[in-house]
Amino acid sequence: HQCCFSINLFSSRTARSEEDRDSLWDAWGSWSECSRTCGGGASYSLRRCLSSKTCEGRNIRYRTCSNVDCPPEAGDFRAQQCSAHNDVKYQGQFYEWLPISNDPDNPCSLKCQARGAALIVELAPKVLDGTRCYTESLDMCISGLCQIVGCDRQLGSAVKEDNCGVCNGDGSTCRLGGPLGVRGGQPVTVLPPSPTPAACLPAG
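Residues numbered from 1 in each chain as written. Predicted model: local features only at pLDDT ≥ 70, side-chain atom pairs only at ≥ 80, totals over all residues. Heavy atoms only, no water.

### Quick notes on the overall build of the chain
- If you tally the helices and strands in the chain, you get 2 helices and 9 strands.
- Going from N to C terminus, the chain has its helices and strands arranged as α-β-β-α-β-β-β-β-β-β-β.
- Looking at the chain as a whole, 24% of its 204 residues are labelled buried.
- A fraction of 36% describes how many contacts in the chain between residues 6 or more apart in sequence connect residues 24 or more apart.
- When the accessible surface of the chain is summed, it comes to about 14,100 Å², and 53% of that surface belongs to carbon and sulfur atoms. (Helix = DSSP H or I, 4+ residues; strand = E, 2+ residues; numbered from the N terminus. Buried < 20%, exposed > 50% of the residue type's maximum accessible area, 1.4 Å probe, protein only. Contact = heavy atoms within 4.5 Å. Areas by Shrake-Rupley, 256 points an atom, 1.4 Å probe, with all protein chains shown as cover.)

### Looking at the sheet that holds strand S4 (residues 110-114)
- Pairing in this open sheet of 3 strands is antiparallel, and the strands run S3-S4-S5 from one edge to the other. Of all strands in the sheet, those bounded by a partner on one side alone are strand S3 (97-99) and strand S5 (120-124). Averaged over all neighbouring strand pairs, the angle between strand axes comes to 45°, with direction disregarded.
- As paired strands, S4 and S5 are joined by 4 bridges and run antiparallel to one another. Bridge pairing links Gln-113 to Ile-120 in S5. (Pairing = 2+ DSSP bridges. Axes fitted to C-alpha atoms, helices over the stretch in contact; angles between N-to-C directions.)

### Regarding unusual backbone geometry
- At Asn-102, a position not held by glycine, the phi torsion is positive, near 60°.
- Relative to the assigned elements, Asn-102 resides in the loop between S3 and S4.
- Of the residues examined, Asn-102 reaches a relative accessible area of 35% and is grouped as partly exposed.
- Even without a glycine there, the phi angle at Asn-168 is positive, about 60°.
- Secondary-structure assignment places Asn-168 in the loop between strand S7 (145-147) and strand S8 (182-183).
- Accessibility expressed as a relative area gives 59% for Asn-168, which makes it exposed.

### Observations concerning the environment of Ile-120
- One can find Ile-120 in strand S5.
- For Ile-120, a relative accessible area of 48% gives the class partly exposed.
- The spatial distance from the C-alpha of Ile-120 to the C-alpha of Ile-100 is 8.2 Å, given a sequence separation of 20 residues.
- In this structure Ile-120 touches Ile-100, Cys-112 and Gln-113, once residues within four positions along its chain are discounted.

### Points about empty space enclosed by the protein
- Scanning the entire structure with this criterion turns up 1 cavity of 30 Å³ or more.
- Its boundaries defined by the atoms lining it, the largest cavity holds a volume of some 40 Å³.
- Along the walls of the largest cavity sit Gly-39, Gly-40, Asn-67, Arg-132, Leu-138, Met-140, Val-149 and Arg-153, which together make up its complete lining.
- Considering only residue class, the lining of the largest cavity consists of 3 nonpolar, 3 polar and 2 charged. (1 Å grid on protein atoms, 1.4 Å probe; cavity = no way out; pocket = protein on both sides within 12 Å on 5 of 7 lines; lining within 4 Å. Points joined across faces, edges and corners; volume = space filled by probe spheres on them. Nonpolar A, V, L, I, M, F, W, Y, C, P; charged D, E, K, R; others polar.)

### A look at the packing of aromatic side chains
- Inspection of the entire model under this criterion finds 3 aromatic pairs.
- Taking 5.8 Å as the distance between ring centres and 85° as the angle between the ring planes, the aromatic pair formed by Tyr-90 and Trp-97 counts as edge-to-face.
- Accessibility expressed as a relative area gives 24% for Tyr-90, which makes it partly exposed.
- The class of Trp-97 is buried, set by a relative accessible area of 3%.
- Among the aromatic residues, those joined into a ring-pair cluster are Tyr-90, Tyr-95 and Trp-97.
- Positioned above the aromatic ring of Phe-77, the side-chain terminus of Arg-36 is 4.0 Å from the ring centre.
- Directly above the aromatic system of Trp-25 lies the positively charged group of Arg-47, at a separation of 4.2 Å from the ring centroid. (Phe/Tyr/Trp six-rings, centres within 6.5 Å; stacked < 30°, edge-to-face > 60°. Lys NZ or Arg CZ within 6 Å of the ring centre and 35° of its normal.)

Structural data, given as structure tokens:
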């Protein structure tokens with residue numbers, strides 16, 4: 001009984017200390033507008049420290065939003081940010097800027113290359129929130145840092161697609177001719193097409 005009492009007392013103290021810590025903060029504010037209208041963006045919410053002392057924890061939180069695919073004519077989000085600098089002189093000249101993607105050292109900086117030249121410039125220290133860190137990934141840049149995004153489009157999620165292309169699937173839904181050419185997680189042998197019958201061949 002003494003052991004159990006000690007554990008309950010510790011839990012009570014822990015809960016109370018968390019309440020005391022949270023009581024130093026004001027309530028979370030409303031969510032901001034999404035940084036993008038499509039393609040997956042970020043929204044943030046703020047809270048204010050009510051104490052003259054330093055509050056523990058974060059004063060800002062993020063969530064994903066606008067998780068619908070953009071129409072093809074919308075173009076690449078990083079490319080849009082580079083082209084926004086086309087009408088701004090760089091070292092006395094105008095350039096047409098193209099995006100540099102998949103930078104392993106700093107994927108969330110806006111690096112662009114002048115069309116037809118070897119000139120590569122960092123036009124902004126960070127891309128807009130919601131920009132993909134890498135072209136073949138859902139991970140997105142938020143406040144200049146690459147944040148993990150799962151196939152469920154949630155921040156910090158480790159959920160991935162299975163071999164059948166199903167988010168958080170177990171590989172049991174594959175069909176012949178489906179993603180990766182697999183059925184039930186096993187490779188499928190695709191036979192070559194049958195020769196065209198002679199009767200179907202053009203004359204001559």
